Amino acid sequence: MSKIPVYFMPGLAASAMIFERIILSADVFETVLLEWEIPLDKETLFDYAKRMAQKIIHKNPVLIGVSFGGILVQEMSKFVDARKVIIISSVKSNSEFPIKMKLAKTTKAYKLIPTNLLEHVESLVPFSFGSKINKKLKLYEKFLAFRDRRYLDWAIEQVVLWERTIVDEKVIHIHGDEDEVFPIKFIENCIVVKGGTHSMILTKYRWFNENLPKIILE
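Quantities reported herein were computed from a predicted structural model and do not represent experimental measurements.

1. Brief notes about the pattern of salt bridges
At step 1: By the definition in use, this model includes 9 salt bridges.
At step 2: The residue Glu37 makes a salt bridge to Arg51 at a minimum N-O spacing of 3.2 Å. Of this pair, Glu37 sits in the loop between strand 2 (29–33) and helix 1 (45–53) while Arg51 sits in helix 1, and the two are 14 residues apart along the sequence.
At step 3: Here Glu37 falls in the partly exposed class, since its relative accessible area comes to 27%.
At step 4: The partly exposed category is assigned to Arg51, whose relative accessible area is 21%.
At step 5: The residue Arg149 makes a salt bridge to Asp153 at a minimum N-O spacing of 3.7 Å.

If you want it as structure tokens, here you go:
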């Protein structure tokens, strides 16, 4: 029996290291980790997704994306005959955005986000106070590895301006009931992970290791 190819796409600015604790049986699955690329000048999300889809070398793959990566794999599925599309801590259409994100679109407030601060987050470590903050900054330094400003400005704009209004009913949505970025009260038809925050791919890895194989194989 041939293995099922499973492609993982991390969230905004995150590296594929966020999946380091996700373990799928090597006898059944072939795991491929995707990484973000610098967008081309004035590249649309549609064109970016088309370019990223060229990295899919297997037939009938499973596409799994976290947060903005979840938005991206939905766009990539326009160019890939995917066995399944699974999104985690993400949205299926812009109607699932929280009100503040919808306001950011109309007011263009997202353009005021100082993305240059994220470029050099490690430089904040000497100025942080307390081990808890220091630990968080160290985690950001480890997992938010993709911090090129051109990418950050582009990515934030693509999320806020995402135009999808019709939900693809085939998309499988896994969402935490304590997600602080995309609150669950705006989310419809999802598999709920109790106690799951927006970063639950890191904190609820045991749940994913137990349940992802069943979700893929169902």
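2. Describing the pairing of strand 1 (residues 4–9)
At step 1: When you tally the buried positions in strand 1, you get 6 out of 6 residues, the bulk of the element.
At step 2: Alternating residues of strand 1 divide into Ile4, Val6 and Phe8 and Pro5, Tyr7 and Met9, and every residue in both groups is buried.
At step 3: Bridge count for strand 1 against strand 2 is 5 bridges, and the pairing is parallel. Residue pairing across strands places Pro5 opposite Glu30, the latter belonging to strand 2.
At step 4: Relative to strand 3 (residues 62–66), strand 1 runs parallel, the two being bridged by 4 bridges. Residue pairing in the sheet places Val6 in a bridge with Val62 of strand 3.

3. What to know about the confidence of the model for the protein chain
At step 1: With 84% of its residues at a pLDDT of at least 70, the protein chain reaches an overall mean of 87.
At step 2: The low-confidence segment residues 120–130 (pLDDT under 50) makes 15 contacts with residues lying over four places distant or belonging to another chain.

4. A closer look at the nonpolar core
At step 1: By size, the foremost hydrophobic cluster in this structure holds 37 residues, and its most contacted members are Trp36, Phe68, Leu72, Met76 and Tyr151.
At step 2: For this core, the elements supplying multiple residues, two or more each, are strand 1, helix 1, helix 2 (68–76), strand 4 (84–88), helix 3 (99–107) and helix 6 (149–160).
At step 3: Take this core: its biggest share by element is 7 residues, from helix 6.
At step 4: Beyond its immediate stretch of four places on either side in the chain, Leu72 contacts Met9, Trp36, Leu45, Tyr48, Ala49 and Met52.

5. Topic: the sheet that holds strand 3
At step 1: Pairing within the open sheet is parallel, and its 6 strands lie in the order 2-1-3-4-5-6. Among the strands making up the open sheet, the edge pair consists of strand 2 and strand 6 (191–193). Sheet twist, expressed as the mean angle between neighbouring strand axes with direction ignored, is 20°.
At step 2: Across 3 bridges, the pairing between strand 5 (residues 172–176) and strand 6 is parallel. The residue bridging His175 from the neighbouring strand is Val192, located in strand 6.
At step 3: Relative to the sheet, helix 2 contacts strand 1, strand 3 and strand 4, its axis offset from that of strand 3 by approximately 150°.

Criteria and cut-off values
- Residues numbered from 1 in each chain as written.
- Predicted model: local features only at pLDDT ≥ 70, side-chain atom pairs only at ≥ 80, totals over all residues.
- Heavy atoms only, no water.
- Salt bridge = Lys/Arg side-chain N within 4 Å of Asp/Glu carboxyl O.
- Helix = DSSP H or I, 4+ residues; strand = E, 2+ residues; numbered from the N terminus.
- Buried < 20%, exposed > 50% of the residue type's maximum accessible area, 1.4 Å probe, protein only.
- Pairing = 2+ DSSP bridges.
- pLDDT = per-residue confidence, 0-100.
- Contact = heavy atoms within 4.5 Å.
- Core = buried A, V, L, I, M, F, W, Y, C linked by side-chain atoms within 4.5 Å.
- Axes fitted to C-alpha atoms, helices over the stretch in contact; angles between N-to-C directions.

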